[in-house]
Structures are given as structure tokens and as C-alpha cells.
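Geometric and topological summary
Residues per chain, in single letters:
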Amino acid sequence: MSASLTTTFDDKNTETSNLINPTLVLNCGSSSIKYALISEDNSIRITGLAENLGLDTARIKHTTLNGDKLEISISGGRHQLALQKILELLEQYHFIAVGHRVVHGGREYSAAVRVDEHVLDEVKRLKILAPLHNPAHALGIEAVQAIYPDIPQVVVFDTAFHQTMPPVAFRYPLPKALYEEHKIRRYGFHGTSHAYVSERASEITESKGPHGWLTAHLGNGCSATAVYDGKSFDTSMGLTPLEGLMMGTRSGDVDPSLHIHLKRQLGMSLEEIDAMLNNESGLLGVSGLSNDLRTVEQAANEGHADAKLAIEMFCYRVGKYLASLSCALPEFTGIVFTGGIGENSVTTRTSILEVMRHFGIKVDADKNASLFGGSEGSFHADNSSIELWVVPTDEECRIAQETREALGLL
Ligand code: ADP
């Protein structure tokens, strides 16, 4: 670790007094930890990222209250060390609670809950459904417990927002026993993002509620949700975050017989097929170039045929999914785009809406072109059948809010 930690970190006398009763939001992934310290009124935050955990290049990138950037090497350090350093960086702000983003909550949790022994056991047990994510979340909870045993911790599940889906949407057409005895059903993910942007759209639209939104969270991971009157009615991800839309490296929907076919034809193991579908498919797999849409867009503009096809497939599949999810909504107010792609790629938004050509959607091209880089606004033309919005997601803010709610601090 760099010796400069205590000497370069001098926020103490700046705006500390405004960072009242902050909540620490932690998103512990398999090789990274994102964190944000958020003031009671959500107006001020300190953010950072520990990345490359376990490697020589492990480091913490920290942005102070002043906006200064620090980089701290924790060469070889894993979750425990990274969290120890992150907590050292933040302890001067006296955070009052810690909220963890947890990918899988199974069917037990429909809201954020305070961590106790049972909750922690559940997070660990659900490793079976989220092998990459839940073990890392459990490590994060335990690391905070070890250092600050008295600070209340809350888990906010990606799956919780989707617990309002009706059986017609969450069941698979499989033998009943698989659902009843083994919890095989659709859970849905990105819940905090879909919840945040749909709630925000309902706040800023001029149309009267109840509202029916299709929210398209398009980042590295992509999912779409039908939200009616603040509740998830259906969503594109299922038992795991692999189902649904084409993503950066994930295939999304494929024929369920693909596994057996590849096993028979190529002798691939189930683990190899699973890794291929999760890590080598999507934009990366089809373009053969990258999971990053910017790279793929640039290549497509230079005439790269596979890059062009990857983008066309991405947009076609999003448009097709949105069209089908509209069936879940009693009323269709509009579409809300979010995530790195949804917030920034003007052409992707246009191409997706062109796929939905029978819906009477009319885009205001100038407004669409003005929405990128964190701006929020609508881009439907006056004669459009539905509204179109870009709402930058803020999962950290939502997690902080749910953490405070779960602890009765609001
Ligand atoms: P994550 O799911 O990891 O949080 P993000 O929400 O940050 O990911 O989204 C990452 C995706 O957003 C990448 O495919 C990236 O190329 C895309 N993206 C970010 N900015 C732009 C942009 N200006 N134009 C097109 N795509 C963008």
C-alpha cells in the first residue's frame, strides 16, 4: 500500500460538516468493490473503486469530497484488505449505517433487511444461484462486521423489486416440483436501478399516474422491466442474470437445447458452455472485438461487418423484448433508458425504437441528440404514442435510501 494515504487525504476541514449522517454503500463484486458514502439528503457523496483484487495491480481509486483523485496500491490485496483501507479512508466521516448491494435474495426477500446471522447465512446459501456475486457480498458484510461490529448493516437485493411479479411472469413452464422444492423460477435483477429510474420518471413526467413504464437498463449487463404503478410486473432476466437481452459478454436468450447440442457435437462440458455464454458472448462474441459498445460502434463506423451485425442484433433484441414486455402493462406510459449505453448512445436508442415500428413512437431527434453524459430528459415528439425518457441511474442513492428505510432512520 502507498505510504501516502494519511498525508494526501485531507478532506477533514472542507465540506465535512455537510456530509451529515452518511450511509456507506458497498457493492462487493468478485474482483472489485465499488463504494459511495452518501449524505442523509443524498446531496453529497464520496466515491471510489477497489479493482483488480488479488492481483499485483490491485488498487483503490478514491475521489475525495473535494473531487481530488487518489490512487492507492494494495498489491495482491483481496476483499479484506481493500475494505480495511476503504474503511480507514472513510472513518473520519462517522457513517451511521452500511448498505450492501446483494445480487441474489432468492424468494425470501421482497425488501431490504438488516443483517443478522440468518440473513448472512441466506446470502451465503444463495451462492448456488449467484456464484460470482453472493460470496463476495458475504465477504464484504463479514469484513465490516469484524472492524465495526456496532454499525448496522443492511442488504439490498437486486431481486427484491421483482418480487411483485405475478406467477404468470415468474414461473417457467417446467414441472411444478422444480419450483416448489428447488425454487426454480424467474427472479429478475438490476432491481434497484429499475426501481430508481421508474420512480424518477413518474416524478418528472407531466402525465398523471398510475404510470406504466418499460425501463431499459443497458450497460455491460442489460435488462428490461415492465413497471406499473411502482411495481415490477415482468422483467427480462430470470433465474440468473444470463436470461433476456444480449449484453456486453452475456448471450441473453438462446435455445435451451444449446447445452446438449454443444456437449454432443463439440464435447464441451457444462462449465465450459456456461463460461462461454457468460463471458465470451454478447457484443464481444458477435463482433469478435470487444464488450464495450464504444469500441464496437467505432469499428462499425469504419465498415467492420461483424461489429455492425453485433449492434444490429443488440438493438433488435432490445426492441423485440420491449415490445413483448409491453404486454405486461395495464397502461403504457413510456420507455425509460438508463445504464451506460441507454444514457449515452443516441444512435442505439434510435435503432431500438425503430425496431418497435408498429407502436406509433415518434422521436424528437434534436432532444434525443442532446441526451448523453449524465443528462436527464424526455425525447418524444409531440405526436408520439408514448413518452421517451433518459434517466441516469443512481443505484447507490437508492441503496442508501432503502438502507435508511430498513433501519427506520427516515
Ligand atoms: P456496468 O453494467 O458495468 O455498470 P455501464 O452502465 O457503465 O456498465 O455501461 C457500460 C457500457 O456503456 C459499455 O458498453 C460502454 O461502451 C457504454 N457506453 C458508455 N458511454 C458510452 C457512449 N458515450 N456511447 C456509447 N456507449 C457508451
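Residues numbered from 1 in each chain as written. Predicted model: local features only at pLDDT ≥ 70, side-chain atom pairs only at ≥ 80, totals over all residues. Heavy atoms only, no water.

Turning our attention to helix α11 (residues 293-301). The set of residues buried in α11 consists of L293, V296, A299 and A300. Projection of α11 onto a plane perpendicular to its axis shows the buried side chains occupying an angular sector of 125°, all on one side. Opposite the packed face of α11, turned more than 90 degrees from it, sit the exposed residues R294, Q298 and N301. As for α11, its buried residues are in contact with α10 (282-287), α12 (305-325), α13 (339-344) and α14 (346-355). (Buried < 20%, exposed > 50% of the residue type's maximum accessible area, 1.4 Å probe, protein only. Helix = DSSP H or I, 4+ residues; strand = E, 2+ residues; numbered from the N terminus. Arc of directions from axis to C-beta. Contact = heavy atoms within 4.5 Å.)

A word on the UniProt feature "binding site: substrate" (unreviewed entry) in the chain. Per the UniProt entry, the sites bearing "binding site: substrate" (unreviewed entry) are R101 in this numbering. Tracing the backbone through its elements, the reader meets R101 in strand β6 (residues 97-102). Residues in contact with R101, not counting those within four places in the same chain, are L26, N27, H137, V156, D158 and I399. (UniProt positions renumbered as here; feature names shortened; annotations may be inferred.)

This next bit is on the site of the ligand. For the ligand, the set of nearby residues contains 13 residues, the closest of which are N220, D292, L293, R294 and G340. Backbone polar atom of R294 to an oxygen atom of the ligand: 3.2 Å apart, as the coordinates give it. Contact between the ligand and I341: an oxygen atom at 3.3 Å from a main-chain N or O atom of the residue. Only α11 and α13 provide two or more residues apiece to the shell around the ligand. Top contributing element to the shell around the ligand by residue count: α13, with four residues. (Near = heavy atom within 4 Å. Polar contact = N/O pair within 3.5 Å; in protein donor to acceptor, adjacent residues only side chain to side chain.)

Right, let's talk about the environment of G105 for a bit. Its place among the elements puts G105 in the loop between β6 and β7 (113-114). With 86 residues separating them in the primary sequence, G105 and L19 have C-alpha atoms 31 Å apart. In this view, G105 contacts L126, F157 and T159; residues no more than four positions away in its chain are not counted.

Membership of the largest hydrophobic core comes to 41 residues, with the highest contact counts inside it found for L218, F314, L322, I335, F337 and L353. Listed by contribution, the elements that provide at least two residues to this core are β9 (212-218), β10 (222-228), α11, α12, β12 (334-338), α14 and β14 (387-390). The leading source of residues in this core is α12, at nine residues. Grouped together as the second largest cluster of nonpolar side chains are 30 residues, L19, I46, L89 and V98 included. (Core = buried A, V, L, I, M, F, W, Y, C linked by side-chain atoms within 4.5 Å.)

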